[in-house]
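# Observations on the three-dimensional arrangement
Listed below are the residues making up each chain.
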Amino acid sequence: MTEYIYLIPILPLIGFLINGLALNRLPKSVVSAVACGSIGLSFVLSVILFFELKALEPSSRVIEQVLFPWISVGSFHVNFAFLLDPLSAIMILVVTGVGFLIHVYSVGYMSHDPGYSRYFAYLNLFTFSMLTLVLADNFLLMFVGWEGVGLCSYLLIGFWFEKKSASDAGKKAFIVNRIGDFGFLIGMFIVFWSVGSLNFNQVSSIAPTVFAFGGTLITAACLLLFVGAIGKSAQIPLYVWLPDAMEGPTPVSALIHAATMVTAGVYMIARTNVLFMLAPDALMVVAVIGAATALFAATIGLVQNDIKRVLAYSTVSQLGYMFLACGVASFSAGIFHLMTHAFFKALLFLGAGSVIHAMSNEQDMRKMGGLKKHLPITFMTFLIATLAISGIPGLSGFFSKDEILWKSFSSQSGHPIFWVIGFITAGLTAFYMFRLVYMTFYGQERMDEKTKSQLHESPKSMTIPLMVLALLAVVGGWVGMPHILGATNYFEDWLSPVFSHGEAVNTHALLSSTADSSMEWLLMFASVALVLVAIYLAYNFYLKKTSLSTAMKEKLSGVHKTLLNKYYVDEFYGAVIVRPIIYFSLFLWKIVDVLIIDGLINGSATVYNDISEFLRQGQSGRVRSYATIFTLGVVVLLAFFMTD
Amino acid sequence: MENIILTLIIFFPTLGALLLLIIPGDRKDSIKGITLIISFVTMILSFWLYAMFETHGLGMQMEVNIPWIESMGVGYHLGIDGISLLLIVLTTVLTLLAVLASWHSIHHNLKGYYFSILILMTGMIGVFCSLDLFLFYVFWEVMLIPMYFIIGIWGGVRRVYAAIKFVLFTMFGSLLMLVGILYLLYQYQAFSGEYTFDILKLYHTPLTFIEQMWLFAAFALAFAIKVPLFPFHTWLPDAHVEAPTAGSVILAGVLLKMGTYGFLRICFPMFPDATITFLPYISVLALIAIIYGALVAMVQKDVKSLVAFSSVSHMGFIMLGMFALNIQGLQGSVLQMLNHGISTGALFLMVGMIYERRHTRLISEFGGLAKVMPLFSTLFLIVTLSSIGLPLTNGFVGEFLILLGLFDANKVYAIIASSGVVLSACYMLWMFQRVVFGKITNPENEKLVDLTLREKLVMFPLIILIFWIGIYPKPFLEKIEPAANMVMKHMERASSVKFDEENSRLVIIDDSDAVLISTDYETIKK
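Rules and cut-offs
- Residues numbered from 1 in each chain as written.
- Chains lettered and ligands numbered in written order.
- Predicted model: local features only at pLDDT ≥ 70, side-chain atom pairs only at ≥ 80, totals over all residues.
- Heavy atoms only, no water.
- Helix = DSSP H or I, 4+ residues; strand = E, 2+ residues; numbered from the N terminus.
- Buried < 20%, exposed > 50% of the residue type's maximum accessible area, 1.4 Å probe, protein only.
- Contact = heavy atoms within 4.5 Å.
- Areas by Shrake-Rupley, 256 points an atom, 1.4 Å probe, with all protein chains shown as cover.
- Lys, Arg positive; Asp, Glu negative; His and termini not counted.
- Charge placed at Lys NZ, Arg CZ, Asp CG, Glu CD.
- Salt bridge = Lys/Arg side-chain N within 4 Å of Asp/Glu carboxyl O.
- Polar contact = N/O pair within 3.5 Å; in protein donor to acceptor, adjacent residues only side chain to side chain.
- Nonpolar A, V, L, I, M, F, W, Y, C, P; charged D, E, K, R; others polar.
- Phe/Tyr/Trp six-rings, centres within 6.5 Å; stacked < 30°, edge-to-face > 60°.
- Lys NZ or Arg CZ within 6 Å of the ring centre and 35° of its normal.
- Domains from an automatic or database assignment.
- Buried area = accessible area lost by both parts, 1.4 Å probe.
- Expected span 1.5 Å × (residues − 1).
- Arc of directions from axis to C-beta.
- Pairing = 2+ DSSP bridges.
- Axes fitted to C-alpha atoms, helices over the stretch in contact; angles between N-to-C directions.
- Parallel < 35°, antiparallel > 145°, perpendicular 65-115°, else oblique.
- Left-handed = near helix turned anticlockwise from the far one by under 90°.
- Bend = angle between axes of the 7 residues up to and from the residue.

### Quick notes on the overall build of chain A
- When helices and strands are counted, chain A shows 27 helices and two strands.
- The dimensions of chain A, computed from C-alpha atoms along their principal axes, are 120 × 65 × 55 Å.
- The buried share among the 644 residues of chain A stands at 58%.
- By sequence separation, contacts in chain A at least 24 residues apart represent 80% of the contacts at least 6 residues apart.
- In the structure as shown, chain A presents an accessible area of about 24500 Å², 69% of it carried by carbon and sulfur atoms.
- Taken as two groups, the 37 positive and 36 negative side-chain charges of chain A have centres that lie 11 Å from each other.

### Thoughts on the interface of chain B and chain A
- Listed as interface residues are 66 residues of chain B and, on the opposing side, 52 residues of chain A.
- In this assembly, chain B and chain A are joined by two salt bridges.
- Here chain B is connected to chain A by 18 residue pairs in polar contact (both at pLDDT 80 or more).
- At 13 residues, the largest contribution of residues to the side of chain B that touches chain A is made by helix 17 (residues 411-436) of chain B.
- Taken together, the residues of the side of chain B that touches chain A break down into 41 nonpolar, 15 polar and ten charged.

### A word on the side chain of histidine 77 of chain B
Residues and elements named next belong to chain B.
- For histidine 77, the location among the structural elements is in strand 2 (residues 74-80).
- Take histidine 77: its relative accessible area is 2%, and that puts it in the buried class.
- Setting aside its immediate chain neighbours within four residues, histidine 77 contacts Glu63, Val64, Asn65, Cys129, Ser130, Leu131, Asp132, Leu135, Asp198 and Leu200.

### Quick notes on the packing of aromatic side chains
- Enumeration according to the criterion identifies 71 aromatic pairs over all chains in this entry.
- Note that arginine 118 of chain A overlies the ring of phenylalanine 159 of chain A, its terminal NZ or CZ placed 4.2 Å from the centroid.
- Sitting over the face of the ring of phenylalanine 366 of chain B, arginine 358 of chain B holds its NZ or CZ atom 5.6 Å from the ring centroid.

### Observations concerning the pattern of salt bridges
Residues and elements named next belong to chain B.
- Throughout the structure, instances matching the rule amount to 29 salt bridges over all chains.
- We note a salt bridge from glutamate 194 to lysine 201, for which the minimum N-O separation is 3.8 Å.
- Here glutamate 194 falls in the partly exposed class, since its relative accessible area comes to 34%.

### Concerning the domain arrangement of chain B
All names here are of chain B.
- Domains assigned within chain B are domain 1 (1-269) and domain 2 (271-490).
- A separation of 22 Å is found between the C-alpha centroids of domain 1 and domain 2.
- Facing the 58 residues of domain 1 at the interface are 55 residues of domain 2.
- Between domain 1 and domain 2, the buried area comes to about 5200 Å², and carbon and sulfur atoms account for 80% of it.
- Of all residues in domain 1, the largest losses of buried area upon contact with domain 2 belong to Leu86, Phe230 and Phe268, amounting jointly to 14% of the total for that side.
- Along the contact surface separating domain 1 from domain 2 lie zero salt bridges.
- Going through the elements one at a time, helix 3 (82-101), helix 8 (209-226), helix 9 (235-242) and helix 10 (245-270) are the ones with two or more residues in the side of domain 1 that touches domain 2.
- When residues in the side of domain 1 that touches domain 2 are grouped by element, the largest group, 15 residues, is from helix 10.
- In the side of domain 1 that touches domain 2, the residues fall into 42 nonpolar, 14 polar and two charged.

### What about helix 1 (residues 7-21) of chain A?
All names here are of chain A.
- Relative to the 21 Å expected for 15 residues at 1.5 Å per residue, helix 1 spans 20 Å between its end C-alpha atoms, a close match to the ideal helical length.
- Buried residues of helix 1: Ile8, Pro9, Leu11, Pro12, Gly15 and Asn19, and no others. End-on view of helix 1: buried residues confined to an arc of 160°, all on one side of the axis.
- Looking at the buried positions of helix 1, the neighbouring elements they touch are helix 2 (28-54), strand 2 (76-84), helix 3 (86-109) and helix 4 (116-135).

### Some points on the pairing of strand 4 (residues 505-508) of chain B
Residue and element names in this part refer to chain B.
- Burial along strand 4 is two-sided: the residues Arg505 and Val507 and Leu506 and Ile508 are all buried.
- Bridge count for strand 3 (residues 497-500) against strand 4 is four bridges, and the pairing is antiparallel. Its bridge partner lying in strand 4, aspartate 500 is registered against arginine 505.
- Here strand 3 folds back onto strand 4, and the loop between the two strands holds four residues, one of which, serine 504, carries a positive phi near 45°.

### With respect to the packing of helix 5 (residues 139-157) of chain A against helix 10 (residues 250-259) of chain A
Residue and element names in this part refer to chain A.
- Across the interface, helix 5 lies against helix 10 with an axial gap of 11 Å and an inter-helix angle of 155°. Classified by the angle between their axes, helix 5 and helix 10 sit roughly antiparallel to one another. Helix 10 is crossed by helix 5, and the crossing has left-handed handedness. On helix 10, the residues touching Ser153, Leu156 and Ile157 of helix 5 are Val252, Ile256 and His257.

### Structural notes on the side chain of aspartate 198 of chain B
Residue and element names in this part refer to chain B.
- In this structure, aspartate 198 sits in the loop between helix 6 (159-192) and helix 7 (199-202).
- The charged side chain of aspartate 198 is buried without a salt bridge, its nearest counter-charge being lysine 201 at 4.9 Å.
- Here leucine 200 takes part through its backbone nitrogen, which lies 2.9 Å from a polar atom of the side chain of aspartate 198.
- If we ignore the near neighbours within four places in the chain, the residues touching aspartate 198 are Asn65, His77, Leu131 and Asp132.

### Overview of the packing of helix 17 (residues 396-410) of chain A against helix 18 (residues 416-441) of chain A
Residues and elements named next belong to chain A.
- Their axes nearest at 7 Å, the elements helix 17 and helix 18 cross at an angle of 155°. Between helix 17 and helix 18, the interaxial angle falls into the category roughly antiparallel. Here Lys401, Leu405, Ser408 and Phe409 of helix 17 lie close against helix 18, whose contacting residues are Pro416, Phe418, Trp419, Gly422, Phe423, Ala426 and Thr429.

### Structural notes on helix 21 (residues 490-505) of chain A
Residues and elements named next belong to chain A.
- The terminal C-alpha atoms of helix 21 lie 24 Å apart, and with 16 residues this matches the ideal 22 Å at 1.5 Å per residue to within 8%.
- Of all the bends in helix 21, the greatest measures close to 60° and is centred on proline 497.
- Among the residues making up helix 21, those that are buried are Phe491, Trp494, Leu495, Val498, Phe499 and Gly502.
- Lining the buried residues of helix 21 we find helix 2, helix 3, helix 11 (264-271), helix 12 (273-277) and helix 15 (331-358).

This is the structure:
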C-alpha cells in the first residue's frame, strides 16, 4: 500500500475541487458526503499505512515517494515527494482523524449557513495543505503546505467576510504569518547553500559534517526557522493573530487554531531536530520563548470573558509547553503533547461550539451559566477535556504535560526555572479552565428568556464527534506513560528512530540525572497538588462565593485591566509598527514621489519652457525692436574693440 | 520554415494593421473581428515557434541574417534563445487578451485603436527577435508611437499629460542609447575594419574600462527607465492609471520587460566589467524599488496606481535576480518576467472589468463584491495570491529562485529583498479586503453582474498559466537555462569574473587572489 501515500493528501484535494468547482450547485448532502468522505478515506489509508510502517524494522521505517521533479535549476533540485516515517505517520493520523471528526461535526454546525459548500471546500483545501506540510520530504514542499494552511486559515477566519472584524482578523493572521515565513525562507536559504540540498533526510545526514557544532551559521539558521515556527504557532511576539482568529466558525478554531495548523511549528522543529541539536543556543531560545509564552498567555486567559478567547489563549499557552519540550531537546514529549492537545483542545472548542450553537451565537460567558442540565452530553465531554488539560492523573494531558515538566527539569538542556514556569502555568491552566466550566455550566442561568427557551442539546452529528474525542482525551495518553510507573513509553520508542540522528550529534543534551526517580515522583505530586488547589480556588471564586472574584477584581483593578486588555500588546504594535509605516508610506508617496521626484521632472520641463518663452520674446517680428537690438549690439562691439 | 517563422510572427500583425486600413471605420464588428483573428493567428504562430524550439539547444535558434544596408553594416538579423522565446509567447498571449478586453470599452475611432495595437505587437515581437542593434533600435522606437496614441487618445482624464510624460521619458533614454550604439559601431570598426550592427559580433568589441562604463551608463539608463528602476519610475503610475485597460496590460506585461531584457541581451554581455562595477549601485536602487514601491502601493487610493507601484516593487526583484549573476537568480528573473506579465496583466484586466461596470477605480467606492460577484472575487483572489507569490502559483517559483540566487550572491541584499515578500502581502490583501470583503455600502455595487462569457475567456488562460508555472515550471525553466548560462559565459571575458561551470555562476575575482565576493561560506570556500 505504501505506493499510495500520495492519495492521503490528494483525496481531500479532490474533495476541494469537486465542491469548489461546482460553485454552490450541489445539494448539501452531496457536499458533505464528498467533504467527509474524502478525508474519511484519507484517515482509513493513514491507519493502514501506519500499521504497514509498524510491521517494518524500526530502522527501515522511512518511505519516500517521489511524484515528479518540481523545481530544478543548476545545483538546486526539489521534488514533489512525500516522506512517511514514524513522525509523519503520527501527524497524518492526528490530522485526518481529528480532521474527520471535525468535518462531521461541521455538517451539523454549519447546516444553516448559506456558504455551506464554500466552507467545506476550504476545509478540504486546508486538510490537503496540512497533509502536504506533514508529509513533505523537503523544506520547500513543507513550505508549500505551510503557506497553504496559512491561506486556508485566512479564508476560514474571514469566512463571514461581511463582518469587518472577521476579514480584519484573517488579514492579520496572514500578514503576521508572513513575517514568520520571512524567517523560514532565509533559514531555508542558509540550509541549502550550506548543505546543498533541502531534502530532510539528506540534510539530517549531511548537516553534522558541514556545520560546526554550535556555530554561528547553524544557530542563525535554526533561529530563523524558529521565527517561522513562532509565526505559525503563535508564540511571543507573533501570537497576536491567534486570539483574533476566533472570528472564524468554531469548528475551524478547533481544527486549524487548536489541533493541527498551529502545531506545525512544533512539528517543523521536530522534523529538523538534527539542525537544532547542532545549535544548543537556538534550542535554549526555543525553550525560553516557549516557557515565557506558556506563562504569559495563561495569565491573559485568567480574565477573558469570551469563551473562545479563553480557549485561544489556552492554546497559545499549551503550544508554549510544546516548544519548551523541544527546547530541552525532548522532541518526542513535544509531539506527544501535540497529539494529546489535539484531542482535548479540539474537544474543548467543539464543546464551546455546541454551547454557542445552543446559546444562539452568544460567546460571552457572563451571559451563560447553568447549562449543565440543558446540554448534558456537551457538559460531560467538556468536563472530561477540562480534566485532561488540567492534568488530572490518568487522563491524556497528565501524561504529556508531566513528561514535559520532568524533562524541562531533568534534561541537561533544561533548568529548574523552566520547571517552575511550567508548574505555575499548570496551576493557572487548571484555574482558568475551571473558571470557564463554572461560569458556563454551573450557577445561575444568566441568559435572557428568549435564549433560554431555545436552549437545546446539539444534534447527533455534533455530539458523536464530541464523545469520540472525549474517549481519546482519556485514553490518548496511555501510549506514553512514564517509566517510573513501570510502564513502557510506546510513544517515545515509536519516534526514537526519527530523533536518533539528532541525539547522535548532541549526546550531551538528553542526558538526565536518571537516578532521581524519587525527585520525579515528588515533582509529579507537587504539580497534581497545585492543580487541585487551583480547581478549588476556581470553585470558590466562580461558584461558591462569586463575591470573592468581584472583590479581587476591585482590589487588583490595575492588574485586572492590564490582563483584560491583553497587556496592550496590540495597541503597542499599532502605535509602534503599523501606524508609523503608514505615515512613512504616505510621506514617501506625497513628498518623495510626487513633490521631489516628479517635481524635479516636471520642474525641468517648466524650466525648459521658461527658457524657450524668454528666447521667443526676441523673435517678436517688430522691426523697431530688431533695430534697437542691432544698434545696441554695434555699440557694444565698437566699445569692445576700441578699448582693446 | 525555420528561417521565415520569426519574420512571419513579427510582420503578420502589420499585415493585419494594413488590412484594417482598407475597412471602413464604421464597420466596427469587422474591425474587431479582424484584429481578433490576426492576434489569434499570431499567438498560434508563437505556439508553433515554441514547439519548434529546441529546448536544450545552445546559442540562437531560427536565425535569419540578410544584409540590409550593407554600407553601414546593417543586417536583418533575427534569432531567438529561450529568454526571447518565452517573452514572445507572453507578448502574443497578452495582446490577444488585451484585444478581447477592449471589446466593449473602446467606443470611438476603433480603426485607429486596433491599428495601434497591431503595430505595437510588431514592435514588441521585433525587439525580442532582433540580433542587430539597428533593427533593435527601430523596433524599440516603433513600439513607442502606438503606445503614445493608445494612452493619449483612448486614455483617462489626464491622458495627454501621461502620454507625453511616457514618451519624453523613453525618448530621453533611447537617445542616449543611440549615441551608445554609434560609438560601439565605430569602436568595432576600428578593431576589425568592418562596420556592423550585429549584436553577436559586437559582443567581442574591445573596450577599455572607461569606455565600458560610459556605454553601460548610456544603455542602462534607457533600459532602467523602461523597467522602471527607482528613481526613474514616475512615468509609470501616470501612464498606467490613464491608459485604457489594454494599454496597461501591454505596458506592464510586456513593455517593462524590454528593460530587463535589454540588460540581459546587451548590457551584460557587451560591458561585463562595467556591469560588475555598477552592480552594487543598481542592486541598491532595486532594493529601494522593492521596499519603496511596496510602501507607496500600500497607501494608494486608486486600484490601478496600487498595481502600478506594485510593479515597481516586483521589477526590483527581477533586477536583483539578474544582478545576482548566478543561474538561480537569472532563471528566476526571466521566469519572473513571465510571471509578472501574467499576474499583473491579470490584475489590470480585472481592474478593467470592474471599471467598465462602475467607471471608477477608487478602492473606497467598492467593498462587498464577494456577495454580488462571487466568480470575479474568486479569480481576483487567485490573481492576488499569485502576485504575492503564494506557493503553487507562478509568483512563488520566480520569487523563490531570485531570492535563493541572491542569497548566494549577497546575503544582506537577499534579506532586505525578502522583506518585500511581507510587504506585498500587506498591500495586496488590504486592497483585496477593501474591494471584495465587507458589506456592500455603496448601493451602486448591489446590481453589479458577475463575469460575462467573454470575461471568463479572458481570464481562463491566465489562471491556467498561474497554476501551471506554479506546479510544474520545468518546461519553462528548461528553456531559460541554456540562455541564462550563455549570458554568463559571454560575461566571462571580463577581467574581473570567472564562470564557475560546476555551480553555474559568475565568481568575481580580485586582482590579487581569488576571493569570492559572492559568498563567504565555509562549504564553498573548500
